[in-house]
Amino acid sequence: MTTGICLENINLSAEMQSDIFLAIQNHLHHHKVVVLKKQNISDEQFMNFALKFGAIFQAGKNPVLGNSGSETNIVVVGNQAKEYKNSYLGHQEVLPHSDHQWILNPSSVSMLYAIDVEKNAAPTTWTNMATAYSILDETLKDQIKNLKTITYNPFFRPFGTVNAKYVNRNLDIPPGEIFEHPLVRTHPITREKILYMHRAYEMEFEGMNYDEGFALWCKLNDHIDNLECKYTHKWEIGDLVIWDNRATIHYRPSFAPNERRVLKRISISGERPF
Ligand SMILES: O=C(O)CCC(=O)C(=O)O
Ligand SMILES: [Fe+2]
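Because the structure is predicted, anything quoted here is derived from the model rather than measured.

Novice: Give me the lowdown on the side chain of serine 98, citing residues and values where you can.
Specialist: You can see serine 98 is positioned in the loop between strand S5 (94-97) and strand S6 (109-117). The exposure class assigned to serine 98 is buried, which follows from its relative accessible area of 1%. Among the polar contacts made by the side chain of serine 98, one reaches the main-chain carbonyl oxygen of asparagine 245 at a distance of 2.7 Å. If we skip the residues at most four places from it in the chain, serine 98 touches Tyr196, Asn245, Thr248, Ile249 and His250.

Novice: Give a detailed account of the site of ligand 1, specifying residues and quantitative values.
Specialist: As a structural note, the neighbourhood of ligand 1 is formed by Val77, Leu89, Val94, His97, Asp99, Leu112, Thr124, Trp243, His250, Arg252, Arg261 and Arg265. Contact distances for ligand 1 include 3.1 Å between an oxygen atom and a side-chain N or O atom of aspartate 99. In this structure, an oxygen atom belonging to ligand 1 sits 2.6 Å away from a side-chain N or O atom of threonine 124. Contact with the protein chains hides 98% of the accessible area of ligand 1, taken as 290 Å² for the molecule alone. Counting only elements with at least two residues in the shell around ligand 1, the list comes to S5, strand S16 (248-252) and strand S17 (261-268). Here the shell around ligand 1 is built from residues that sort into 5 nonpolar, 3 polar and 4 charged.

Novice: Before we move on, could you go through the environment of threonine 124 and cite the residues and values that matter?
Specialist: Mapped onto the elements, threonine 124 comes out in strand S7 (residues 124-128). By relative accessible area, threonine 124 is classed as buried at 4%. Along the sequence, threonine 124 and histidine 233 sit 109 residues apart, while their C-alpha atoms lie 5.4 Å from each other. Not counting the four nearest positions on each side in its chain, threonine 124 is found in contact with Tyr231, Thr232, His233, Trp235, His250, Tyr251, Arg252 and Arg261. There is a polar contact of 3.2 Å between the side chain of threonine 124 and the side chain of arginine 261.

Novice: Please provide a residue-by-residue account of helix H5 (residues 210-225), values included.
Specialist: The terminal C-alpha atoms of H5 lie 22 Å apart, and with 16 residues this matches the ideal 22 Å at 1.5 Å per residue to within 8%. Turning to H5, its buried residues number three or more, namely Gly213, Leu216, Trp217, Leu220, Asn221, His223 and Ile224. One side of H5 carries all its buried residues, which in axial view fall inside an arc of 155°. Summarising the contacts, the buried residues of H5 are in contact with helix H3 (129-134), helix H4 (138-144), strand S9 (165-166), strand S12 (193-195), strand S13 (202-205) and S16. Capping the start of H5, asparagine 209 holds a side-chain oxygen 3.2 Å from the backbone nitrogen of aspartate 211, two or three residues further along.

Novice: Could you give an account of the pattern of salt bridges, naming the residues involved and the relevant values?
Specialist: Oppositely charged side chains can pair when the atoms bearing their charge come close. Scanning all chains against the criterion turns up 17 salt bridges. Its salt-bridge partner being aspartate 142, residue lysine 145 comes within 2.8 Å of it at the nearest N-O pair. Using a relative accessible area of 47% as the deciding quantity, one classes aspartate 142 as partly exposed. Of the charged contacts, one joins arginine 157 and glutamate 202 as a salt bridge, the two residues approaching to 2.8 Å between their closest N and O atoms. You can see arginine 157 sitting in the loop between strand S8 (148-151) and S9 and its partner glutamate 202 sitting in strand S13, a full 45 residues away along the chain. Overall, the relative accessible area of 24% leaves arginine 157 in the partly exposed class. Through salt bridges with shared partners, one network takes in Arg157, Lys165, Asp172 and Glu202.

Analysis parameters
Residues numbered from 1 in each chain as written. Chains lettered and ligands numbered in written order. Predicted model: local features only at pLDDT ≥ 70, side-chain atom pairs only at ≥ 80, totals over all residues. Heavy atoms only, no water. Helix = DSSP H or I, 4+ residues; strand = E, 2+ residues; numbered from the N terminus. Buried < 20%, exposed > 50% of the residue type's maximum accessible area, 1.4 Å probe, protein only. Polar contact = N/O pair within 3.5 Å; in protein donor to acceptor, adjacent residues only side chain to side chain. Contact = heavy atoms within 4.5 Å. Near = heavy atom within 4 Å. Areas by Shrake-Rupley, 256 points an atom, 1.4 Å probe, with all protein chains shown as cover. Nonpolar A, V, L, I, M, F, W, Y, C, P; charged D, E, K, R; others polar. Expected span 1.5 Å × (residues − 1). Arc of directions from axis to C-beta. Salt bridge = Lys/Arg side-chain N within 4 Å of Asp/Glu carboxyl O.

See the structure below:
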């Protein structure tokens, strides 16, 4: 099954029949990323569509992208801060991650709607982590099956300063409340096993000594970095991209500060990974 699918004939500004929504959801479960082209919708229409997937993600007391502003339901992911208030993420590289992995209940689905992007604006790339798991060798699958990860919340550090790192507790314990999650999670709908790991933040495997943990981290990173089960999206105004946040990680490269690139994001509340 390919990662990512593009649908040309969906109109989110009109009433949607339930069978159309179910088809979108089905595509999401199979392809992990669904692109709806040529949308022209208000915030209210965007919100109404998002709500079909479930309740809107709420950050609670732990910091995430956008919750230092007044409005956390729609987060403006953009670099034109003067024109779009509460606009986040600037133009720096965003390393491969699944949204909110560092909190108790990361979102199940996220979506970005391109409202102001110039031609050839920086793309976003998603990697299919269900495929990533399925192609691991059986010995490694067996070795990792009961492991738990801790991902340290990057928003407790100065913005943009965190890189992928295996934490050595003897030297430095990153700040913030921690929540462990399984390294191999199960998708509640597709029942697939997913390698629930990112390439972006400070992390560790719970209860493992540093040398052993670091060696495993390097091995899994190597696997992730060499995957081909990816979809890269080149943005056009009106694109609305929905992704299965349980089963993918996403990345965007850095871009020129003067490049126009403004997207609006809504995330859907998810379960505690199991
Ligand atoms: O700017 C992008 O392409 C992705 C940003 C991101 O990680 C997000 O909105 O969750
Ligand atoms: Fe993200």
